[in-house]
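Structural overview
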Amino acid sequence: MILSVGLTFDIAVQQFLDHLRVERELSVATLAAYGHDLAAFSRFAAAKNLAELASVRAVHILEYLPR
């Protein structure tokens, strides 16, 4: 799966979840868990003014992860 530069988080998350549902045939519960986690990261990114997926850097992910 290839994500294009400039995608908003909402579009990127939906494309990823669609990929997991169609190509990987993951369960509904797994998709819901992934969706929940990605929505939480999306809220974190929005609070950091990271509107596009391409804006996210490793430092942002490390800041988000629990210590």
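Cut-offs and rules
Residues numbered from 1 in each chain as written. Predicted model: local features only at pLDDT ≥ 70, side-chain atom pairs only at ≥ 80, totals over all residues. Heavy atoms only, no water. Helix = DSSP H or I, 4+ residues; strand = E, 2+ residues; numbered from the N terminus. Buried < 20%, exposed > 50% of the residue type's maximum accessible area, 1.4 Å probe, protein only. Patch = residues over 30% accessible without salt bridge, like charges linked within 9 Å, V, L, I, M, F, W, Y side chains within 5 Å. Areas by Shrake-Rupley, 256 points an atom, 1.4 Å probe, with all protein chains shown as cover. Salt bridge = Lys/Arg side-chain N within 4 Å of Asp/Glu carboxyl O. Core = buried A, V, L, I, M, F, W, Y, C linked by side-chain atoms within 4.5 Å. Contact = heavy atoms within 4.5 Å. pLDDT = per-residue confidence, 0-100.

In this section: the environment of T8. Mapped onto the elements, T8 comes out in the segment before α1 (9–22). Look at T8 and you get partly exposed, because its relative accessible area is 34%. In this structure the C-alpha to C-alpha distance between T8 and L53, which are 45 residues apart in sequence, comes to 6.0 Å.

Right, let's talk about a nonpolar patch on the surface for a bit. On the surface, a nonpolar cluster with roughly 360 Å² of combined accessible area is contributed by I61, L62, Y64 and L65. Note on placement: L62 falls in helix α3 (residues 58–64). For L62, a relative accessible area of 58% puts it in the exposed group.

A separate point is the nonpolar core. Membership of the largest hydrophobic core is limited to six residues, which are F9, F41, F44, A45, L50 and V56. Broken down by element, this core gets its largest block of residues, three residues, from helix α2 (residues 28–47).

With respect to the helices, strands and loops of the structure, S42 is situated in helix α2. When sequence neighbours within four positions are dropped, the list of residues in contact with S42 reads F9 and D10.

Mean pLDDT over the protein chain works out to 88, with 90% of the residues at or above the 70 mark. The secondary-structure element of the protein chain with the lowest mean pLDDT is α1, recorded at 92, while α3 shows the highest, at 95.

Within the fold, L38 resides in helix α2. On the basis of relative accessible area, L38 is assigned to the partly exposed category, the value being 26%. Once the C-alpha coordinates of L38 and L17 are considered, the two residues, 21 residues apart in sequence, prove to be 9.7 Å apart. Each residue touching L38, except ones within four places of it in the same chain, is listed here: V13, F16 and L17.

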